[in-house]
Amino acid sequence: MTDKTAKQAQQTELSERLAVLKKNKAFIVGASILAFWVFSAIFGKLIARYDQDFMDYEAVNSAPSLKYWFGTDQSGRDVYSRVIVGSRIIIVISFLATLLGAFIGASLGLIAGYLKGRFDMVLMRILEAISAIPVIIIALLAVAAIGRSSSIITILIIGLIFTPNVARTVRAAVLGESELEYVAAAKLRTEKTGHILFREVLPNVLPTLIVEFTVRLGYAIFAVATLSFLGAGLEAGSPDWGTQVADTWSLIFTNIWWPTLFPSLAIASIAVSINLISDALLEVFEL
Amino acid sequence: MSTSITPTLELRGLEVAYTVRGIDRQVLRDVSFSIAPGEAYGLVGESGCGKSTAAFAAMRYLPRNGKITGGSILFEGKDIVDIGEEDVAQLRRSAISMVYQNPATALNPTIRIGKQIAEVFELDGASKSDALAMAQAALTKVQISDPAQVMRRYAHQLSGGMAQRVVIAMALASNPRLLVMDEPTTGLDATVEAEVLDLVRELRRDTGTAVLFISHNLGVIRNMCDRVGVLYAGALVEQGATADLFNNPSHPYTVGLLRCIPRGGLHKSTDRLDTIPGTPPALGTHFDGCVFAARCALADDKCRTELPQMVTISGAHVARCFHSDKASSMPRSVEQIEIQSTPTHHLANVGESLLDVSHLSKVFTQDGHRIRVINDVSLSLGVGETLGLVGESGSGKTTIAKLVLGLVVPEEGGVIKLDGKGLAKTLNRRDVQDVGAMQIVFQNPDQALNRRHSVTRIVSRAVERLRGFSAQSSIERAHELLLGMRVEATLHGARPVQLSGGLKQRVAIARAFAGAPQIVLCDEPTSALDVSVQAAILNLLVDLQKQDKTSFIFISHDLGVVRYISDRIAVLYLGRVVEFGASQRVFNGPFHPYTEALLSSVPNIDGSIRKRIPLTGVVPSPSNPPSGCVLNPRCPRKVGSGYESMCESEEPNLNEVEPGHFMRCHIPMAKLKQLQS
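Remember, it's a predicted structure, so these values are computed and weren't measured experimentally.

What counts and what doesn't
- Residues numbered from 1 in each chain as written.
- Chains lettered and ligands numbered in written order.
- Predicted model: local features only at pLDDT ≥ 70, side-chain atom pairs only at ≥ 80, totals over all residues.
- Heavy atoms only, no water.
- Helix = DSSP H or I, 4+ residues; strand = E, 2+ residues; numbered from the N terminus.
- Rg over C-alpha atoms; globule rule 2.2 N^0.38 Å.
- Buried < 20%, exposed > 50% of the residue type's maximum accessible area, 1.4 Å probe, protein only.
- Contact = heavy atoms within 4.5 Å.
- Lys, Arg positive; Asp, Glu negative; His and termini not counted.
- Charge placed at Lys NZ, Arg CZ, Asp CG, Glu CD.
- Areas by Shrake-Rupley, 256 points an atom, 1.4 Å probe, with all protein chains shown as cover.
- Axes fitted to C-alpha atoms, helices over the stretch in contact; angles between N-to-C directions.
- Parallel < 35°, antiparallel > 145°, perpendicular 65-115°, else oblique.
- Left-handed = near helix turned anticlockwise from the far one by under 90°.
- Nonpolar A, V, L, I, M, F, W, Y, C, P; charged D, E, K, R; others polar.
- Buried area = accessible area lost by both parts, 1.4 Å probe.
- Salt bridge = Lys/Arg side-chain N within 4 Å of Asp/Glu carboxyl O.
- Polar contact = N/O pair within 3.5 Å; in protein donor to acceptor, adjacent residues only side chain to side chain.
- Pairing = 2+ DSSP bridges.
- Patch = residues over 30% accessible without salt bridge, like charges linked within 9 Å, V, L, I, M, F, W, Y side chains within 5 Å.

Novice: I'm lost on the overall build of chain B in this one. Help?
Specialist: The helix and strand inventory of chain B stands at 24 helices and 24 strands. Its C-alpha atoms give chain B a radius of gyration of 26 Å, within 12% of the compact-globule value 26 Å for 677 residues. In chain B, which comprises 677 residues, the proportion classed as buried is 57%. Partitioning the intrachain contacts of chain B with sequence separation of at least 6 by distance along the chain shows that 66% fall at a separation of at least 24. The averaged location of the 69 negative side-chain charges in chain B is 3 Å from the averaged location of its 71 positive side-chain charges.

Novice: Any chance you could explain the overall build of chain A here in plain terms?
Specialist: Each helix and strand in chain A was counted, giving 10 helices and zero strands. The linear arrangement of helices and strands in chain A, starting from the amino end, is α-α-α-α-α-α-α-α-α-α. Relative to its full complement of 287 residues, chain A shows a buried share of 49%. Surface summary for chain A: the accessible area is close to 13900 Å², and the carbon and sulfur share equals 69%.

Novice: Even after reading the chapter, I still don't get the packing of helix 4 (residues 117-131) of chain A against helix 6 (residues 151-178) of chain A, so can you show me in this structure?
Specialist: For any two helices packed against each other, one specifies the crossing angle of their axes together with the interaxial distance. All names here are of chain A. It is the contact of helix 4 with helix 6, at a shortest axis distance of 8 Å, that shows an interaxial angle of 140°. It follows from the interaxial angle that helix 4 and helix 6 lie oblique. Helix 4 and helix 6 meet at a crossing whose hand is left-handed. Along its contact with helix 4, which presents Asp 120, Met 124, Leu 127, Glu 128, Ile 130 and Ser 131, the element helix 6 presents Leu 160, Ile 161, Thr 163, Pro 164, Ala 167, Arg 168 and Arg 171. Per-class residue counts for the contact of helix 4 with helix 6 are seven nonpolar, two polar and four charged.

Novice: Would you mind going over the interface of chain A and chain B with me for this structure?
Specialist: How large an interface is tends to be reported as the accessible area lost when its parts come together. Contact residues are listed per partner, giving 27 residues for chain A and 34 residues for chain B. Note on chain A versus chain B: buried area summed over both sides is about 2600 Å², and carbon and sulfur give 51% of it. The largest share of the area that chain A buries against chain B comes from Glu 181, Leu 188 and Arg 189 of chain A, three residues that together contribute 27% of it. Between chain A and chain B we count four salt bridges in total. Arg 461 of chain B is paired through a salt bridge with Glu 191 of chain A; the nearest N and O atoms lie 2.6 Å apart. Applying the counting rule to chain A against chain B returns 14 residue pairs in polar contact (both at pLDDT 80 or more). The greatest single-element share of the side of chain A that touches chain B, amounting to eight residues, is contributed by helix 1 (residues 2-23) of chain A. Residues of the side of chain A that touches chain B, tallied by class, amount to 10 nonpolar, seven polar and 10 charged.

Novice: Mind showing me how you'd approach the sheet that holds strand 23 (residues 655-658) of chain B here?
Specialist: One key point about sheets: their strands pair by backbone hydrogen bonds, in either a parallel or an antiparallel sense. Residue and element names in this part refer to chain B. Spatially, 18-19-20-15-21-22-24-23 is the arrangement adopted by the eight strands of the open sheet, whose pairing is mixed. At either margin of the open sheet sits one strand with a lone partner, and together these are strand 18 (438-441) and strand 23. In this sheet, adjacent strand axes meet at a mean angle of 25° when their direction is disregarded. Direction of pairing for strand 22 (residues 576-582) relative to strand 24 (residues 661-663): antiparallel, over a ladder of two bridges. From the neighbouring strand, Phe 580 faces strand 24, where its bridge partner is Phe 662.

Novice: Any chance you could explain unusual backbone geometry here in plain terms?
Specialist: A negative phi holds for most residues other than glycine; trans holds for most peptide bonds. For Lys 116 of chain A, which is not glycine, the phi torsion reads 55° and is therefore positive. Its place among the elements puts Lys 116 of chain A in the loop between helix 3 (79-115) and helix 4. One non-glycine residue, Lys 549 of chain B, lies in the positive phi region at around 55°. Relative to the elements of secondary structure, Lys 549 of chain B occurs in the loop between helix 19 (531-548) and strand 20 (551-555).

Novice: Whenever I open this one, the environment of Trp 241 of chain A confuses me. Can you help?
Specialist: Residues and elements named next belong to chain A. Of note, Trp 241 is situated in helix 9 (residues 241-248). Here Trp 241 falls in the buried class, since its relative accessible area comes to 0%. Not counting the four nearest positions on each side in its chain, Trp 241 is found in contact with Trp 37, Arg 82, Val 83, Gly 86, Ser 87, Ile 90, Pro 263, Ala 266, Ile 267 and Ile 270.

Novice: Hey, could you run me through the side chain of Thr 72 of chain A in this one?
Specialist: All names here are of chain A. Looking at where Thr 72 falls in the secondary structure, it is placed in the loop between helix 2 (25-47) and helix 3. The exposure class assigned to Thr 72 is buried, which follows from its relative accessible area of 0%. Within the structure, Thr 72 has its side chain in polar contact with the backbone nitrogen of Ser 62 (distance 2.8 Å). The residues touching Thr 72, leaving out its near neighbours within four places in the chain, are Ala 59, Val 60, Asn 61, Ser 62, Arg 77, Asp 78, Val 79, Trp 258 and Pro 259.

Novice: Explanation requested: a nonpolar patch on the surface in the structure shown.
Specialist: Together, Leu 140, Phe 229, Leu 230, Trp 249, Ile 252, Phe 253, Trp 257, Leu 261 and Leu 265 of chain A give the surface a local cluster of nonpolar side chains, amounting to about 880 Å² of exposed area. Along the polypeptide, Phe 253 of chain A turns up in the loop between helix 9 and helix 10 (258-284).

Novice: Just checking my understanding: could you explain the pattern of salt bridges for this structure?
Specialist: Pairing is possible between side chains that carry opposite charge, provided their charged atoms lie close to one another. In the structure shown here, the tally under the stated rule is 33 salt bridges over all chains. Between Arg 637 of chain B and Glu 596 of chain B there is a salt bridge, with its nearest N and O atoms 2.4 Å apart. Here Arg 637 of chain B, found in the loop between helix 22 (593-600) and helix 23 (644-649), pairs with Glu 596 of chain B, found in helix 22; they are 41 residues apart in sequence, far enough to count as distant. Take Arg 637 of chain B and Glu 596 of chain B: they sit in the same class, and that class is buried. A network of salt bridges, in which partner residues are shared, links Arg 189, Glu 191 and Glu 200 of chain A together with Arg 457, Arg 461, Glu 464 and Arg 465 of chain B.

Novice: How should I be thinking about the environment of Thr 242 of chain B in this particular structure?
Specialist: Residue and element names in this part refer to chain B. Structurally, Thr 242 can be placed in helix 10 (residues 242-247). Taking the C-alpha atoms as reference points, Thr 242 and Cys 225, separated by 17 residues in sequence, lie 6.6 Å from one another. Look past the residues within four positions of Thr 242 in its chain and what remains in contact with it is Ile 221, Arg 222, Cys 225, Asp 226, Arg 227 and Val 228.

Novice: Just to check I follow, could you spell out the sheet that holds strand 14 (residues 369-382) of chain B for this structure?
Specialist: Residue and element names in this part refer to chain B. In space, the four strands of this open sheet follow the order 14-13-16-17, with antiparallel pairing throughout. Both outer strands of the open sheet, strand 14 and strand 17 (421-422), are each paired with one neighbouring strand and no more. Strand direction decides the pairing type here: strand 13 (residues 353-366) and strand 14, joined by 10 bridges, are antiparallel. Note on strand 14: the bridge partner recorded for Thr 365 is Arg 370.

Shape is all these values report; function is a separate question.
In structure tokens, the structure reads:
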């Protein structure tokens, strides 16, 4: 019975927040765009009109038409289908990279903010050093060192680069929380540090972490697109947006703008949608 | 009221509503009162009754979801309900100032204090350097120690008392014609409170500033205000000249409020505090009859169905009650609490020594300076007794509690003995029994209870850890404890945010009792609560003590509360115990000069005039304590005692001046007695 009321209590607080969120215009727009891309990431093959690698030699570089909505590229491939199918790569890689960065960053931030002192100081200096290195340079060096592009490497690099930002945000929140007396109360019932960190403090900094996650996700989209544009992000030949732009941008000078414009718009729209969502979350959760 | 003078502020039939989740909820109902120039008008009532809303409305500063739905607000005869933003800004800049309830949020955390105050003067056209000088003068005026240094600090580096003094300095800076003070001294020490109140009185006398004074503290209102209005559920239920209203309260709510207060002379051993049964109505409740009917001992059918009008008691003294003639003889409301019996763990007899603290010291290092915040403190506490710790903020009360609990590690030489057994200095080296034996109830339950956890979990987890119960039986025990603290079963699944302040504190008390403690430290447990709730919490603590022989260390700045609940008192000053002894001894004198000053600064609820023994100057910084007796620069009894040179050169020891009564003073007992008579 009491568990039920506890759940109800949690639900009322959350449902009140969600009710406000649902009325937030920025959130509605952002979530709709993101939902569309997530849908195409999952069911891309079903809504694509052609196979993304099918080459129509009759219609190389043809302008947008009823047959090819977004036109075709220099190999006669349907740009629309490639944009739809390409969404999966960028979403999955960005998401995994952000998750990795958030996980490591949150853990380090929790520990640093709670323990303070020397550990905190040394850790934060190291993280500052990491965040001083530009993501593009690291990625290019890694590609040069390994000799080929790989999506795993991209995830690891972006995750590593994001770690300091997440750690810093979480640490700041934890610094404030650990001064509160519920932490002293936990010590006064002989709780271990791990319990205090993950069961007492973490739930209270979770909203901060979620917002930081969405902000980072927005950056990750750009980072992945940029890396693949530079040919350092992904395996060659994938129908990824950044690669598409890289392969076709020189055609703009011959007035063939469509193979470049549509993937670029796709990148912009997903980045904007995530930013809209994180703004709305910031507002609704009063962070 | 005379009609020839235009009142500074007049509210006529003011109605205010807040829109919450799409519904208008009425918070002020037909509130009318006026304040003449130079007059101080007090508004009292429990939290949520609309006191602050009335103040915000008067400043046209309602929150965005608040709106004035009826009536008018006249400032110097001019209706300000419909004036534009520009005029409102002008009004606030030059005519109306406000001192807010929470100084921590009233100050900008990113701007240094000096610059923040100087801005007010710069707005008035002073040059930058002049403004800074004026800011420093303003700080000196509000009795802040070391103003030059405070100017360079940020808000978070100030104690609550200092921050409020800064806020008051800022409010006074523009020489306002109306000063709205919303619980201005609630967070302050008695001595500072008395000084700040003196300051406000002076300002009123000098400039004819009218004051709207909001407080839950009836003693402060009684001493500060010419007239008083009592608010309940957004309605003014009684109004009159201060003396009339306090001497002949004529609304049952006013009567109830006055009875809740631990007044001078009451003690837990003989008197139980009255409470007001029930809880205040939720925001925006609709009433057909009297707003107080549901909690009133005199209520009948007429009260519940018909709205009472103000009836004249005598002159300008009015009450909104059908039974105002019977109010003062209303039956007492003394709740009897049935506590489920818990196994008694403490077999010792009441009074037997339980806790012995000796030579406790603590040095904090700040910016390379060593600050001795606690200096050679020795205390003792018996089984089933309450030790009251009193002293101004910064005297080390909370630090002593943390030292005893092991949350802060004392310096070498300090000994903490529980039941004759020496305790480890740090918490993580104490065993579970020792940790469970001493628990704490913090001042602020909002911070002390994890807002992400349910009430049940907060208590059951403590039972699980401290008593070693299984998860299931911990939950059962938690429910028992919570019911014992009168937290109903329907609330056990709730999260702290859904509970009222009193209920939150009951949950915190339940948690403190989870480990069957021998000693519970209470750090200002009732200072965030309304008086009627405070009375109920104090009754609860006393009952728990009688039942379990639990001992308390009770920290409070409210001497009335400490006097009511304590068996022994330790008076602290600058980290030192200056007086220690049985409660009656300490409160009845002869007093240590500091205790004397502290006691005399408490605003009296009974209105009797008492000579205030002022402490001159400011609390010295513990990083640079005065030589000799630390009190000597401020001591009210030093001059003329014949011991001046000794006071200034030699620190006195804590001497036993009579059996069980210790004092840290060079002046002998007989001499003090003579000086104080």
